[in-house]
Every structure is written in C-alpha cells, then in structure tokens.
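Structural overview
Here is how the chains run, residue by residue.
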Amino acid sequence: MDDWTDGYVTELPYSVNHFPEMAPAHLRLALLQAGLAAPRIDGDFSYLELGFGQGLGLNMLAAVHPQGRFFGNDFMPAHVAAAQALADQACSSNLQLVQDSFAQLLERDLPPMDFIVLHGVYTWVNAENRAHIVALIARLLKPGGVVYVSYNSMPGWANKAPLQRLMSEAAHRQTEGSALQRFHAARDLLGQLDSAGAAFFVSNPGARTALREITNASDTYLLHEFAPRGWSPFYCTDIADDLARADLQFAASAKLFSNFPQWSLPAASRALIGATEDQGLRELLRDFAMQTPLRRDVFVRSPRTLGAADIERECHATLIALQRPPASCARHVRTPIEAVRLADEVVDVLLAALANGPQTVAALMALPALANTRPASIRETLDLMLCLGYLGPATAPQAETRSRAHALNQALLKRLHAGERLSGLVSPTHCAGIAIAYHDQLFLAAQQAGESTADALAAYAQAVLRISSGSKATSAALPELHREASNFLKYGDAYYRSLDMFSAPG
Ligand SMILES: C[S@@+](CC[C@H](N)C(=O)[O-])C[C@H]1O[C@@H](n2cnc3c(N)ncnc32)[C@H](O)[C@@H]1O
C-alpha cells in the first residue's frame, strides 16, 4: 500500500455524486428550521469542501454562485483531474481545486470560510486525518460559519460494523492480488461464514440484511465504503466532542425530516426524547430510536438564535421552487416513521402556483385559493413537501449564473455518452444541483440534440444505453423507453424547462 494514502484505498476512483443537502441554500433552510441564523449568500461568501471526490457537487455549486468563492481538496490525482476538467468546461473562475491531503491543506494560506463541508469522509479516514480536519475547521471557519459533516453512525451500524471489520481483517492480511480481489474474497468469506451457521448471523438477523447489501454492492462502493484502514462509525456525541474542540455546536440536521420530531421520531419515544434537556443525549437517544445509519449533521461556530419575529420574517421571505415534476409528487407518502397522506386540496394549489416559477412562502400562503385553509395547515404541507424533496429552496439567479450552469450541464450531458450515470444536473433556479432520474437525463440530452418527439427521444436514449452498456440493448427496451419518453413529454417537460438548465436553441 502506498504511504501517501494513510490507509485509504485508492485503487478505483469513487462514483460521481452530488448531494443537494450540501448546497448553501439548503443548509440555510436547515438552520432556519432550527431557529438559527446562517451566513448570507446573496453577496460574497466562501465555501470549502474537504475530500470532494469527483467534484461534481462542488463544481455545480461554484457554477451557480458566481458571487461566492469555492475551494476544495482531495488527494487522489484522478479525482482532482476529473473535477478540474469540469471546472474548465464551466469556466468557473471562482473555484480553486487542489490535490492536497488534509495535512497539506493545513499548510496553505486560505481565507476564512463561511461554509466547510465534508461528505463521506470523516468515517473513512484515520484518526490522524480526522484531527487534521478538525484543525482545518478550527483555523478556517468564521464566527457564525457552518459545517456540514456526514458519517456512519452508531448504533445504526451495529449489525454491519463487525462485518466491515472482518472483511477488512481478511483482506488486509492477504498480500496477494489487488485490493478489489482481496475484498471480493473477504466478502465471499462472510457468505461462507453465514452458510456455516455462525452464531453472529443467527443471533443478529440485521447482519444477514447487511450481508445482502454488501453482496450486492458495486466494486466502487465496496472499496470506498469498507476498505479504508481507519474506517470507523461514530456515536453522534463523539462528533460533537471532536467539533467542540474547534468551538462548534450541533445546530440541525441537513436531513430536513430530522428537524421535525413529529415526522422523525416514533410517538412512543417522542416525549421521552423531547423531555431530555441535554442536546447531545437527545440526539443520541434519537439515533437509538431510529437506528440511523448515516447522519448529516450541521454544526455552527457561535450560533445565533433568531427571535420568533425574525424566524417568521425569514421564513416568509424564503423563495421556494418545484424540485421534481408535479405529476411525480405522490400524495400517499412515508415520513421516516409512518405513512401519511398529503392534503390534496392544498398540494394541488401549491403545485399549480409553483408551476409558474419560484414563489416566496409569503406569496404561497396568501394564494386566494387557500384563503379558507388554516395558515398552520399550509405551513405544515409546505414543510412536509420540503422534507420530501418535492420542493426546494430557490434563489433568484444572477445573470452570470445561467450561462455557467448551461455550460456545465452541456458538459455533463456529453459524459452520458461515455456511459456515465449522473446523479443530476445543476439548476440555476435552485442555485444547486438537483436529482434527475437517469432516463430523464437521456431524454434531456436528446432534446438538446434537437429531438422532440417521443419516438426520437426513445431512439436517442436507446443509442446511448447501447454505447454505455457496451452491447446491444434488447429490442424490448424500445417500447418501454417510448412509454417513458411519452410520459416525460407529458409530465416532465414543462417542469424541466422551468429549471432553466439549458440555453434556448438558436
Ligand atoms: C468516500 S469518498 C467521498 C468523496 C465525496 N465527498 C463524495 O461524497 O462523493 C472519500 C474521499 O476522501 C478522499 N480522501 C481520503 N483521505 C484523504 C486525505 N487524507 N486527504 C485528502 N483527501 C482524502 C478520497 O480521495 C475520496 O475522494
């Protein structure tokens, strides 16, 4: 193993991801839900991503916030090269990417940051690198600055963590073969152990489910999730203790549902947890109540609590946009704890109003068609729709934002032809990357290539699928693609156009 990796396995590049929860507007919304002030993003602000991977998310955010300065590091050369290529295509002059380890980044002269974010990093690096990360945050975060950190959490990993340990022991004790071959063999060993009736699997049914997940995992996920030598899941209080050393306090969850106990905690444990004064203990009880496997925590340095009037004013001024096609917004939904039914009469009115473009919460609440609905019901429906990802925070895009987003999206669509499956595209309307289903990405690419009918969209998608699968797509795929393309034109087209993701032809 190379020394520079510090036990991180670099044999395969990581998957290309973006996470809407890391967008500044989303983090501001999460803090507002917790009644806390957040850095402004309508003027100059600074944003650092640690361990950006392929850099898709960071590139998306830099492209749509020309007023912000974006920085990021990753120590894998292939990751930095891929991220830089995207930045060049989007002409994002406000983005500085460096091929640095966390230790090297500590030596750099960087400006104070409003946001420092890291996803899929803290669990996956060793203790020394976690200390570097805390030191970077301690040094760089401004007062009032925000940290987003995700990590595998306990006891949500109680069934799976021993399996990681066994695989890691088995694979790292082998010296023959690539890391991937050794982890395949280690994974097989887990299956053999289960078949041999090992008591661990017999007495932990959850471990069998975990084994199935591991067995079905892609090679990329297998290595980047399970192979790092320093891998460790954490109790949320461990993370709060680490970040307290950088003078930070837990503020909210970037998983918006978690900021609403009525939707994220079983009724039976809600009172018990709610009555717990100590915030760290409260969060820990929540993780036991919900078996949370991955936390996405938001911390703030010197958080400022907003008064009720400020919260109300900020909420009302928040601009909201559709974040998926209205026709795909189901009314029977699941919160993390239960099935609920959205109020059709409120949802229909909100979706219809938002189909015309983003609206402030105040404007939505004042819609004449909702005059007879209690304001509290409208707010509750809006909150639920935000938690479900039907709606998202929007920001009035600057002129430059649109052309940069258009350039980045064109560059991303080209990558579909190389067989890449993107997690989404960037929306100037949201000033963020948004999730888009893979086949919808193909239909959008077809439209950008000048196609307009369902027949042509389906044929285009099939051609890309053929190239990307390296073989002939089955003839049965075409009728299915045709059906999907028809639905896309009928139900998705107006929505995607409203996002302003591409420049008008001509
Ligand atoms: C699981 S990946 C997550 C990548 C990205 N944040 C995402 O979610 O798509 C962990 C990332 O941390 C980077 N990394 C690991 N150890 C590092 C170190 N010591 N210094 C800098 N980057 C490191 C890896 O190269 C990898 O890109």
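Residues numbered from 1 in each chain as written. Predicted model: local features only at pLDDT ≥ 70, side-chain atom pairs only at ≥ 80, totals over all residues.

As for the overall build of the protein chain
Across its full length, the protein chain carries 22 helices and 14 strands. Computed over C-alpha atoms, the radius of gyration of the protein chain comes to 23 Å, within 12% of the 23 Å expected from 2.2 N^0.38 for 506 residues, which places it in the range of a compact globule. Oriented by its inertia axes, the alpha-carbon framework of the protein chain measures out at about 65 × 60 × 50 Å. The burial tally for the protein chain puts 44% of its 506 residues in the buried class. Partitioning the intrachain contacts of the protein chain with sequence separation of at least 6 by distance along the chain shows that 78% fall at a separation of at least 24. (Helix = DSSP H or I, 4+ residues; strand = E, 2+ residues; numbered from the N terminus. Rg over C-alpha atoms; globule rule 2.2 N^0.38 Å. Buried ≥ 20, exposed ≤ 12 C-beta atoms within 10 Å, placed from the backbone. Contact = placed C-beta atoms within 7 Å.)

A look at the site of the ligand
Not every one of the 21 residues close to the ligand is listed here, only the nearest: Gly51, Gly53, Phe75, Ser101 and Gly120. By residue class, the composition of the shell around the ligand is 9 nonpolar, 10 polar and 2 charged. (Near = placed C-beta within 6 Å. Nonpolar A, V, L, I, M, F, W, Y, C, P; charged D, E, K, R; others polar.)

Comments concerning the environment of Leu163
In this structure, Leu163 sits in helix H6 (residues 161-173). By the C-beta count within 10 Å, which is 24 here, Leu163 ends up buried. Remark: the alpha-carbon pair of Leu163 and Phe226, spanning 63 residues in sequence, is separated by 9.2 Å. Not counting residues within four places of it along the chain, the set of residues in contact with Leu163 comprises Leu190, Ala207, Ala210, Leu211 and Ile214.

What to know about the domain arrangement of the protein chain
When cut into domains, the protein chain gives domain 1 (3-155 + 233-301), domain 2 (161-226), domain 3 (319-392) and domain 4 (437-498). One C-alpha centre belongs to domain 3, the other to domain 4, and the line joining them spans 29 Å. Facing 6 residues of domain 3, the contacting portion of domain 4 comprises 5 residues. For the side of domain 3 that touches domain 4, a count of residues per class yields 5 nonpolar, 1 polar and no charged. (Domains from an automatic or database assignment.)

Observations concerning the packing of helix H3 (residues 77-90) against helix H19 (residues 399-416)
In contact at an axis separation of 8 Å, H3 and H19 are set at 130° when each is read in the N-to-C sense. Classified by the angle between their axes, H3 and H19 sit oblique to one another. Crossing of H3 over H19 shows right-handed handedness. From H3, Leu86, Gln89 and Ala90 reach across to H19, where they touch Arg404, Ala407, Leu408 and Ala411. Among the residues forming the contact of H3 with H19, the class breakdown is 5 nonpolar, 1 polar and 1 charged. (Axes fitted to C-alpha atoms, helices over the stretch in contact; angles between N-to-C directions. Parallel < 35°, antiparallel > 145°, perpendicular 65-115°, else oblique. Left-handed = near helix turned anticlockwise from the far one by under 90°.)

With respect to the sheet that holds strand E11 (residues 359-360)
The strand order across the open sheet built from 3 strands is E11-E8-E12, with neighbouring strands paired in antiparallel fashion. A strand with exactly one partner marks an edge of an open sheet, and here the two such strands are E11 and strand E12 (391-393). Note that strand E8 (residues 319-322) and E12 share 3 bridges and pair antiparallel. By the bridge assignment, Ile320 is partnered in E12 with Pro393. (Pairing = 2+ DSSP bridges.)

Points about unusual backbone geometry
Negative phi characterises most residues that are not glycine, and trans characterises most peptide bonds. Going from Met154 to Pro155, the amide bond is cis rather than trans, its omega being 5°. With respect to the element layout, Pro155 can be found in the loop between strand E5 (141-152) and H6. The phi dihedral of Ser302 falls on the positive side, at around 50°, and the residue is not glycine. Topologically, Ser302 is positioned in the loop between strand E7 (294-301) and helix H15 (308-317).

Side note on the pairing of strand E13 (residues 424-427)
Where E13 and strand E14 (residues 432-435) come together, 4 bridges link them in antiparallel fashion. Within E14, the position partnered with Val426 by the bridge is Gly433. Adjacent in sequence and paired antiparallel, E13 and E14 are bridged by 4 residues, among which Cys431 carries a positive phi angle near 50°.

Quick notes on helix H10 (residues 219-226)
What H10 keeps buried is the set Leu222, Leu223, His224, Glu225 and Phe226. Elements that come into contact with the buried residues of H10 comprise H6 and helix H7 (179-195).

What about the sheet that holds strand E2 (residues 68-73)?
Sheet architecture is open: 7 strands sit in the order E3-E2-E1-E4-E5-E7-E6, paired in mixed fashion. Because the sheet does not close on itself, it has two edges, and the strands there are strand E3 (95-98) and strand E6 (248-253). Strand-to-strand twist in this sheet, taken as the mean axis angle between neighbours without regard to direction, amounts to 20°. Alignment of E2 against E3, held across 4 bridges, turns out to be parallel.

Side note on the nonpolar core
Nonpolar side chains in soluble globular proteins generally cluster together in the buried interior. By size, the foremost hydrophobic cluster in this structure holds 138 residues, and its most contacted members are Leu27, Ile116, Val147, Val298 and Ala461. Looking at this core element by element, the count peaks at 7 residues for helix H2 (residues 56-64). When sequence neighbours within four positions are dropped, the list of residues in contact with Val147 reads Ile116, Ile137, Leu141, Leu243, Leu248 and Phe299. (Core = buried A, V, L, I, M, F, W, Y, C linked by C-beta atoms within 7 Å.)

Here we look at the packing of H7 against H10
Contact geometry for H7 and H10: axes closest at 10 Å, N-to-C directions at 90°. By the criterion of interaxial angle, the relationship of H7 to H10 is roughly perpendicular. Packed against H7, whose contacting residues are Ala179, Leu180 and Phe183, the element H10 presents Asp219, Leu222, Leu223 and Phe226 at the interface. Taken together, the residues of the contact of H7 with H10 break down into 6 nonpolar, no polar and 1 charged.

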